[in-house]
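Observations on chain architecture
The residues making up each chain are set out below.
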Amino acid sequence: MPQPFSNNQLKKRTSVLVFLKGTTAPLVLYVENPLGLYEELSQVLKQNSQVVKLIEKNTLGPVKKVCIMSTQICAVAIQEEQYM
């Protein structure tokens, strides 16, 4: 009979979700400092939309490198998920 998962088997990881204009699913980014990336992208959203900036990041997950135009970001979020 399978044993139920114990708390010490489950790990947590945090990702940054980047919602882009014209897309339905967010871009899920795993980075070393998710809160730092969230803060950086939040500042981009607060800036004047007339300032176009190319944002390039190296990441740790399945997406290894990403390049986004600042004017295409419409929302960011932090997600915490459990895995084994």
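Basis of the calculations
Residues numbered from 1 in each chain as written. Predicted model: local features only at pLDDT ≥ 70, side-chain atom pairs only at ≥ 80, totals over all residues. Heavy atoms only, no water. Helix = DSSP H or I, 4+ residues; strand = E, 2+ residues; numbered from the N terminus. Rg over C-alpha atoms; globule rule 2.2 N^0.38 Å. Buried < 20%, exposed > 50% of the residue type's maximum accessible area, 1.4 Å probe, protein only. Contact = heavy atoms within 4.5 Å. Areas by Shrake-Rupley, 256 points an atom, 1.4 Å probe, with all protein chains shown as cover. Lys, Arg positive; Asp, Glu negative; His and termini not counted. Charge placed at Lys NZ, Arg CZ, Asp CG, Glu CD. pLDDT = per-residue confidence, 0-100. Salt bridge = Lys/Arg side-chain N within 4 Å of Asp/Glu carboxyl O. Pairing = 2+ DSSP bridges. Axes fitted to C-alpha atoms, helices over the stretch in contact; angles between N-to-C directions.

**So, the overall build of the chain**
If you tally the helices and strands in the chain, you get 1 helix and 5 strands. For the chain, the C-alpha radius of gyration of 16 Å lies well beyond 12 Å, the compact-globule estimate for 84 residues. Considered along the principal axes of its C-alpha atoms, the chain spans approximately 60 × 25 × 20 Å. A total of 84 residues make up the chain; the buried ones form 25% of that total. For the chain, the share of sequence-separated contacts (at least 6 apart) that also reach a separation of at least 24 residues comes to 58%. Carbon and sulfur atoms form 53% of the exposed surface of the chain, whose accessible area is close to 6,100 Å². Where the 9 positive side-chain charges of the chain centre and where its 6 negative ones centre are 3 Å apart.

**Things to note about the confidence of the model for the chain**
When pLDDT is averaged along the chain, the result is 91; 92% of the residues meet or exceed 70. Here strand β5 (residues 73–83) stands out as the least confident element of the chain, with mean pLDDT 94; strand β2 (residues 27–29) is the most confident, with 97.

**Section: the pattern of salt bridges**
A complete count under the given rule lists 4 salt bridges for this structure. A salt bridge links E80 to K12, with the nearest nitrogen and oxygen atoms 3.7 Å apart. Separated by 68 residues along the polypeptide, E80 in strand β5 and K12 in strand β1 (residues 11–20) bring together distant segments of the chain. K12 matches E80 in its accessibility class, with the two residues each being exposed. Taking the shortest distance from any N to any O, the salt bridge between K65 and E56 comes out at 3.4 Å.

**Examining the sheet that holds β5**
With antiparallel pairing, the 3 strands of this open sheet are ordered in space as β2-β1-β5. Whereas interior strands pair on both sides, the edge strands pair on one side only; in this sheet they are β2 and β5. In this sheet, neighbouring strand axes are inclined to one another by 30 degrees on average, regardless of whether the strands run parallel or antiparallel. Relative to the sheet, helix α1 (residues 34–46) contacts β1, β2 and β5, its axis offset from that of β5 by approximately 165 degrees.

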